[in-house]
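What follows is the residue order along each chain.
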Amino acid sequence: MKTYLKTTLILLSIILTSCEDVVDIAVKNEAPRLVIEASLDWEKGTQGNEQTIKLSTSTPYFDTTVNSKVTGASVRVTNDNDLTQYVFVDQNDGTYTISDFIPVLNQSYTLEVVYNNEVYVAHETLMPVTDITEIYQSVEGGFDDEVVDINVLFSDPENEENYYMMKFQEQGDLFPELYDLDDEFTNGNEMTVFYEKTDNENTNEEELEPGDIVDIQLLGISEQYYNYIRLLIEQVEFAGDIFSSTPVALKGNCINSTNPNNPAYGYFRLAQVVKASYTVE
């Protein structure tokens, strides 16, 4: 009986082993594209003169390349009203900086990036933002009534359409959590946004504890950027959900005027921002 069982296991092992085939799947990779990270944020209470734009190239999903930074490009932003040009200086590490930018609320600007003899152009308006009026913690406003959540309050201005983005990031976390907001149903009223973290073994996240510090940003954004970031947040939050749509590369506002078939990834954004930090008690 033992001999029979042993022989059966050996034969089963051989059969299973012989059925294993290595399948090579050809993954279609497109040519690298320019990635433009041009977020010009003007923090209230500062001059807003120091700004940075980052350029890189896209890489295939399974590529291990870590250095895709772009150098040697020409980057400038123009005030569409008085045609003042702000030239960003190449730092030879993928960043382009300026120290004399002049932000003007409700003013439109044009970004121009010249890279590999192709010209990329984007248009955007610097949007104002209201002030944060109160920040407090509770265990009642979130999804879990046993977990601390941070509540942020601000008053939406009347008689105008407003769009917002909020960033919450516990100090020590790699990435912030983003929220997109509009005042379609709350115009002229007080708005409240809460931030809550729960224990998650898959992401190694832990709920907020006393002493944790959360950095908060409230940004005023354009309707155009609101539509873009809303789709991006949805793709990130619902990735892997069986009911979610297949993620795709989102089209930003950076147009290749030289070769329309080779658009850039990324976005040119201008926003006024208020910042705050809260220490959990």
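The structure this text deals with has already been given above.
This write-up is about the structure you can find in this document.

Description of the nonpolar core
Turning to step 1, where the next piece is worked out: In terms of nonpolar packing, the biggest core is built from 27 residues, with Ile36, Leu55, Leu111 and Phe268 touching the most fellow members.
Turning to step 2, where the next piece is worked out: Those elements giving two or more residues to this core turn out to be β1 (34-43), β2 (51-57), β3 (74-79), β4 (85-90), β5 (95-98), β6 (108-115), β7 (118-125) and β15 (265-279).
Turning to step 3, where the next piece is worked out: At five residues, the largest contribution of residues to this core is made by β1.
Turning to step 4, where the next piece is worked out: Counting 19 residues, the second-largest nonpolar core is a separate cluster that includes Val152, Leu181, Val193 and Val274.

Quick notes on the packing of aromatic side chains
Turning to step 1, where the next piece is worked out: Summed over the entire model, instances satisfying the criterion amount to nine aromatic pairs.
Turning to step 2, where the next piece is worked out: Consider the rings of Tyr225 and Tyr267, whose centres lie 4.9 Å apart with planes at 65°: the pair is edge-to-face. Of this pair, Tyr225 sits in helix α2 (residues 223-237) while Tyr267 sits in strand β15, and the two are 42 residues apart along the sequence.
Turning to step 3, where the next piece is worked out: Accessibility expressed as a relative area gives 7% for Tyr225, which makes it buried.
Turning to step 4, where the next piece is worked out: Among the aromatic residues, those joined into a cluster by ring pairs are Tyr86, Phe101 and Tyr109.

Examining the sheet that holds strand β11 (residues 177-182)
Turning to step 1, where the next piece is worked out: Taken in spatial order, the twelve strands line up as β11-β10-β13-β15-β1-β2-β5-β4-β3-β6-β7-β14 in an open sheet, and their pairing is mixed. Every interior strand has two partners, whereas the edge strands, β11 and β14 (255-256), have only one.
Turning to step 2, where the next piece is worked out: Sheet analysis places β2 next to β5, joined by four bridges and oriented antiparallel. Across the sheet, residue Gln51 finds its bridge partner in β5, namely Ile98.

Brief notes about the sheet that holds strand β8 (residues 132-138)
Turning to step 1, where the next piece is worked out: What the three strands build is an open sheet, ordered β8-β9-β12; its pairing is antiparallel. If you trace the sheet from one side to the other, it starts and ends with β8 and β12 (190-196), each paired once. The mean angle between the axes of side-by-side strands here comes to 20°, regardless of whether they run parallel or antiparallel.
Turning to step 2, where the next piece is worked out: With six bridges joining them, β8 and strand β9 (residues 149-155) adopt antiparallel strand pairing. In the strand pairing of β9, Glu134 is matched with Leu153.

Scoring rules and cut-offs
- Counting restarts for each chain, with residues numbered from 1 along the sequence as it is written.
- Where local features are concerned, this predicted model is filtered to residues with pLDDT of at least 70; where side-chain atom pairs are given and counted, the filter is 80 or more; whole-chain, interface and lining totals use all residues.
- Side-chain calculation: all heavy atoms of the structure are included, whereas hydrogens and water are not.
- Nonpolar cores were defined as sets of buried Ala, Val, Leu, Ile, Met, Phe, Trp, Tyr and Cys residues, with membership established by side-chain atoms within 4.5 Å.
- Throughout, exposure labels follow a simple rule: accessible area from a 1.4 Å probe, protein chains only, divided by the maximum for the residue type, with under 20% read as buried, over 50% as exposed, and the rest as partly exposed.
- The helix and strand labels rest on DSSP assignments: H or I over at least four residues marks a helix, E over at least two residues marks a strand, and numbering proceeds from the N terminus.
- Classification of ring pairs rests on two measures: the distance between centres of Phe, Tyr or Trp rings, Trp counted by its six-membered ring, which must be within 6.5 Å, and the angle between planes, read as stacked under 30 degrees, edge-to-face over 60 and tilted in between.
- The pairing criterion is simple: DSSP has to find at least two bridges between the two strands.
- Lines are fitted to the C-alpha atoms to define the axes, a helix being fitted only along its stretch in contact, and any angle between axes, read from their N-to-C directions, falls within 0 to 180 degrees.

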